[in-house]
Amino acid sequence: MEDRHSVQTPANPWILSAPFFQGLPASAIEVALTHLVTRTHPANQVILLENDWGGSVYFIIEGWVKIRTYNLEGKEVTLNIIGKGELFGEMAALDEVPRSTDVITLTTTAIGSMPAQDFLKLLQTEPLAGVRLAQLMARRLRQVNRRLRLRESDSQSRVADTLLFLAEGQGKKGETGTEIPNLPHRELSSLSGLARETVTRVLTRLEKKGLIKRDQEVICIPDVSALERMIV
C-alpha cells in the first residue's frame, strides 16, 4: 500500500540532503512544497514511462531509482542511478514535451512529487534555484561525457568508472571509505555496457586487490584515488 501525505514545511530532514534546495530561502521552499505529495513505492515499480507528459517533478526522499531507455536493438540501457536528495522529471516540465526515459525503483523508495507549475514558479522567483538546476544538469552531462569516452576502454576501467560514477553521485563517507549501494550486477552491467559475467569477474578482481570491499548491502571504496588510477 502506498503512503500518501502532503508536506507543508521546509523543516523536513530530506530537504537538507537535496542539493537543489541548498541556500534557498525557507519561505520560498515552504511555498514550493505546498502541494508536494509523497508516496512510498515497492522495488521494481515503474514511476514514469517514456512518452508520458510531464505534469510533475520528483524528489527522492529515500531509496534508489534507475533511469533507463532502449537502444535501436531494443536492449535496455541504464542511463543513471540516483538516490536520496536527487530529482528527476525536470526536463519534461521545462520544455513541455513527453518524457524521454523510463524511471523504475530499485528498492523501496519514497518519492515526493511537485506539480510542474510550482517547480517552474520557484525557478522564476528564485534565481538561485535556476543556478542549482543548471549545476545539476551540468554534472550529469559531465558524467555522461566521461562514460562515453570510456566506452572503448578495457573492462576493468569501465567497471571502475561505473563505481566512481555512483560514488560521485550518491557516495557516503563511512569509517572505512566511500560507500555506495551494492547494486545487482545486471544494473552495473547496463551502466557499464559490459556483460554481467564480465562485471562479476572484474568486481572479484578489484576486491582481491583491496580496491573495494563488499557486503550484502554496500560496496566500500577505501581509497577513491587508488580506484581512479585503475582507469586507463
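Residues numbered from 1 in each chain as written. Predicted model: local features only at pLDDT ≥ 70, side-chain atom pairs only at ≥ 80, totals over all residues. Heavy atoms only, no water.

What to know about the overall build of the protein chain
Here's step 1: Across its full length, the protein chain carries nine helices and 13 strands.
Here's step 2: Taken across its 232 residues, the protein chain has 48% of its residues classed as buried.
Here's step 3: Residue pairs at least 24 apart in sequence account for 71% of intrachain contacts in the protein chain once pairs closer than 6 positions are excluded.
Here's step 4: Total accessible area on the protein chain stands at roughly 11,800 Å², and carbon and sulfur atoms take up 53% of it.
Here's step 5: Across the protein chain, the mean location of the 28 positive side-chain charges is 5 Å away from that of the 28 negative side-chain charges. (Helix = DSSP H or I, 4+ residues; strand = E, 2+ residues; numbered from the N terminus. Buried < 20%, exposed > 50% of the residue type's maximum accessible area, 1.4 Å probe, protein only. Contact = heavy atoms within 4.5 Å. Areas by Shrake-Rupley, 256 points an atom, 1.4 Å probe, with all protein chains shown as cover. Lys, Arg positive; Asp, Glu negative; His and termini not counted. Charge placed at Lys NZ, Arg CZ, Asp CG, Glu CD.)

So, the confidence of the model for the protein chain
Here's step 1: On average, the protein chain scores 86 in pLDDT, and the residues at 70 or more come to 95%.
Here's step 2: Long-range and interchain partners of residues 1-11, a stretch whose pLDDT sits below 50, account for 29 contacts in this model, where long-range means more than four residues apart. (pLDDT = per-residue confidence, 0-100.)

Digging into helix α4 (residues 116-125)
Here's step 1: For α4, the complete set of buried residues consists of Ala 116, Asp 118, Phe 119, Leu 122 and Leu 123. Angularly, the buried residues of α4 cover 165 degrees about the axis, an arc narrow enough to put them on a single face. For α4, the exposed residues lying more than 90 degrees away from the buried face are Gln 117, Gln 124 and Thr 125.
Here's step 2: Buried residues belonging to α4 abut α2 (26-32), β4 (56-62), α3 (90-95), β9 (109-115) and α5 (127-149). (Arc of directions from axis to C-beta.)

Thoughts on the pattern of salt bridges
Here's step 1: All chains considered together, the criterion is met by 10 salt bridges.
Here's step 2: Between Lys 84 and Glu 62 there is a salt bridge, and its shortest N-O distance comes to 3.2 Å. Here the residue Lys 84 occupies a position in the loop between β6 (76-83) and β7 (87-88), and Glu 62 occupies one in strand β4, the gap between them amounting to 22 residues.
Here's step 3: The exposure class of Glu 62 is partly exposed, given its relative accessible area of 41%.
Here's step 4: Three or more residues joined by partner-sharing salt bridges are found here, namely Lys 66, Arg 68, Glu 76, Asp 102, Arg 186 and Glu 187. (Salt bridge = Lys/Arg side-chain N within 4 Å of Asp/Glu carboxyl O.)

A few points about a nonpolar patch on the surface
Here's step 1: On the surface, a cluster of nonpolar side chains totalling about 250 Å² of accessible area is made up of Met 91, Leu 94 and Met 137.
Here's step 2: Overall, Met 137 belongs to the partly exposed group, its relative accessible area being 31%. (Patch = residues over 30% accessible without salt bridge, like charges linked within 9 Å, V, L, I, M, F, W, Y side chains within 5 Å.)

Regarding the side chain of Lys 66
Here's step 1: Counting through the fold element by element, Lys 66 comes out in strand β5 (residues 64-70).
Here's step 2: Dropping the residues within four chain positions of it, Lys 66 is found in contact with Glu 76, Thr 78, Asn 80, Ile 81, Asp 102, Val 103, Ile 104, Leu 106 and Glu 187.

A look at the UniProt feature "domain: HTH crp-type" (unreviewed entry) in the protein chain
Here's step 1: The UniProt feature table records "domain: HTH crp-type" (unreviewed entry) at residues 153-225.
Here's step 2: Along residues 153-225 the backbone is 53% helical and 19% strand, and the end-to-end C-alpha distance reaches 19 Å. (UniProt positions renumbered as here; feature names shortened; annotations may be inferred.)

Concerning the packing of helix α6 (residues 155-170) against helix α7 (residues 185-192)
Here's step 1: For the pair α6 and α7, interaxial distance at closest approach is 9 Å and the crossing angle is 105 degrees. Considered as vectors, α6 and α7 are oriented roughly perpendicular to each other. Mapping the contact onto sequence places Arg 158, Thr 162, Phe 165 and Leu 166 in α6 and Leu 188, Leu 191 and Ser 192 in α7.
Here's step 2: Each residue belonging to the contact of α6 with α7 can be placed in one class, and the counts come to four nonpolar, two polar and one charged. (Axes fitted to C-alpha atoms, helices over the stretch in contact; angles between N-to-C directions. Parallel < 35°, antiparallel > 145°, perpendicular 65-115°, else oblique. Nonpolar A, V, L, I, M, F, W, Y, C, P; charged D, E, K, R; others polar.)

A look at the environment of Thr 34
Here's step 1: With respect to the secondary-structure elements, Thr 34 resides in the loop between α2 and β2 (37-41).
Here's step 2: Put simply, Thr 34 and Arg 142 are 108 residues apart on the chain and 33 Å apart in space, counted from C-alpha to C-alpha.
Here's step 3: Reaching out from Thr 34, the side chain makes a polar contact with the backbone oxygen of Glu 30 at a distance of 3.2 Å.
Here's step 4: At 2.9 Å, the side chain of Thr 34 and the backbone oxygen of Val 31 are in polar contact. (Polar contact = N/O pair within 3.5 Å; in protein donor to acceptor, adjacent residues only side chain to side chain.)

Side note on the UniProt feature "domain: Cyclic nucleotide-binding" (unreviewed entry) in the protein chain
Here's step 1: Following the UniProt record, one finds the feature "domain: Cyclic nucleotide-binding" (unreviewed entry) at residues 20-140.
Here's step 2: Taken end to end, residues 20-140 is 31% helix and 36% strand, and its first and last C-alpha atoms sit 14 Å apart.

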